[in-house]
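Observations on the three-dimensional arrangement
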Amino acid sequence: MPDELRQTRSYLMQLFESRGIHPRHDLGQNFLIDLNILEFLVRAAELTTEDVVLEVGAGTGGLTGFLARQAGHVVSVEVDPTMYGLASEATAACRNVTLLRCDALRNKNHLADEVLSAVRGHLAVSPQRRLKLAANLPYGVATPVVSNLVATDLPWARMVVTIQWELAQRMSASPGSSHYGALAVWLQSQCRVKILKRLPPQVFWPRPEVDSAIVRIDPDPQRAAQIDDREFFHEFIRRLFQQRRKALRTVLRGMYRKELGQPRLDAALSNLSLDPAARAEDLDIPTLVRLANRLRRELVQEPHSPDSAAPEKAL
């Protein structure tokens, strides 16, 4: 059967009824049934034969088939054994599809080793190969999948994904807005995030209770190069935005009082011309990057280093 027909509501309902199965809400199984939207997603990925595509949430394999037509290879991940079986049937004739039955995440901070190994293996086929994430992401894993892929050293070139509308707002938020937080800072400090389309519930089956969005994320090496230590920066903004509405001086004192002491923290803020009463939610991303870089340098200094920001005693 053509891939186009495998993604219609009537086909999926008949398939599930004939197998005696039901979509699992606990796994976020909402299947994209609008073929125009599905084709829009694939076009936005701009796939070529040099691309290795990672798809998280294979479902019944309908989108997988579309991706396989244009990509060099597709690594598709499905945690539900029933869906894995359906996707295996749907992609049986696709020689350039690797279907993994596993969780895409090892934990909330790392992609699964099996997934990383498969992706790296297919990237290694050619130096020109690059990675793209193209998926109708299950809502429950959308944030860690995107965030953790950015954190890897994989040569990813684009992500085009369907996610909840509220999550799309959080990813693309600006300073001072209610959605601005650690996720927006982490992504926008290294990427360009663009909401391509808002999706109503009726383009999915079963219908979710909220709107969704197609989001495109492209890497921005120039932005990323401004971060001295990405692992430190990731942890820094996560902790900082846990108290996003508190004064910056107060939050940093709680984070680094033992390691740096108040004089050095105050000196760091002064050096960057930052108001100690400012709040994390109001700071733009370049400022947060500079602050993280400065604090990291302070933390790796010896307490009595000549370069320390602590005031010197008069002789």
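Residues numbered from 1 in each chain as written. Predicted model: local features only at pLDDT ≥ 70, side-chain atom pairs only at ≥ 80, totals over all residues. Heavy atoms only, no water.

**Here we look at the packing of aromatic side chains**
As a reminder of what qualifies: Pairs were defined over the aromatic rings of Phe, Tyr and Trp, the Trp ring being its six-membered one, requiring ring centres within 6.5 Å. Orientation was assigned from the angle between planes: stacked under 30 degrees, edge-to-face over 60, tilted for the rest. Each helix is a run of DSSP H or I of at least 4 residues and each strand a run of E of at least 2, with the numbering of both proceeding from the N terminus. Note on exposure labels: buried denotes an accessible area under 20% of the residue type's maximum, exposed denotes more than 50%, and partly exposed covers the range between, all computed with a 1.4 Å probe on protein chains only. Here, a charge over a ring is recorded when the distance from Lys NZ or Arg CZ to the ring centre is within 6 Å and its angle to the ring normal is within 35 degrees.
Under the criterion given, the structure shown has six aromatic pairs. Seen from their ring centres, Phe 16 and Phe 31 are 5.6 Å apart, and the 70° between their planes marks the pair as edge-to-face. Remark: Phe 31 occurs in strand E1 (residues 31–32) and Phe 16 occurs in helix H2 (residues 9–19); sequence separation between them is 15 residues. Each ring, one from Phe 16 and one from Trp 205, has its centre 5.4 Å from the other, and the planes form 85°; the classification is edge-to-face. Of this pair, Phe 16 sits in helix H2 while Trp 205 sits in strand E10 (residues 204–205), and the two are 189 residues apart along the sequence. Here Phe 16 falls in the buried class, since its relative accessible area comes to 2%. With relative accessibility at 14%, the residue Trp 205 sits in the buried group. Feature note: the residues Phe 16, Phe 31 and Trp 205 constitute an aromatic cluster, connected by ring pairs. Taking NZ or CZ as reference, Arg 69 lies 4.9 Å from the ring centre of Phe 66, over its face. The ring of Tyr 256 carries Arg 239 above its face, with NZ or CZ at 5.6 Å from the centroid.

**Things to note about the pattern of salt bridges**
The cut-off we apply is this: Criterion for a salt bridge: a side-chain nitrogen of Lys or Arg within 4 Å of a carboxyl oxygen of Asp or Glu.
Per the counting criterion, the structure on display carries 23 salt bridges. Here Glu 298 and Arg 264 are joined by a salt bridge, their closest N and O atoms 3.0 Å apart. In this pair, Glu 298 sits in helix H13 (residues 285–300) while Arg 264 sits in helix H12 (residues 248–271), placing the two residues 34 residues apart along the sequence. Across the pair, Arg 264 and Glu 298 agree in class, each one buried. The salt bridge partner of Glu 298 is Arg 294, with a shortest N-O separation of 3.1 Å.

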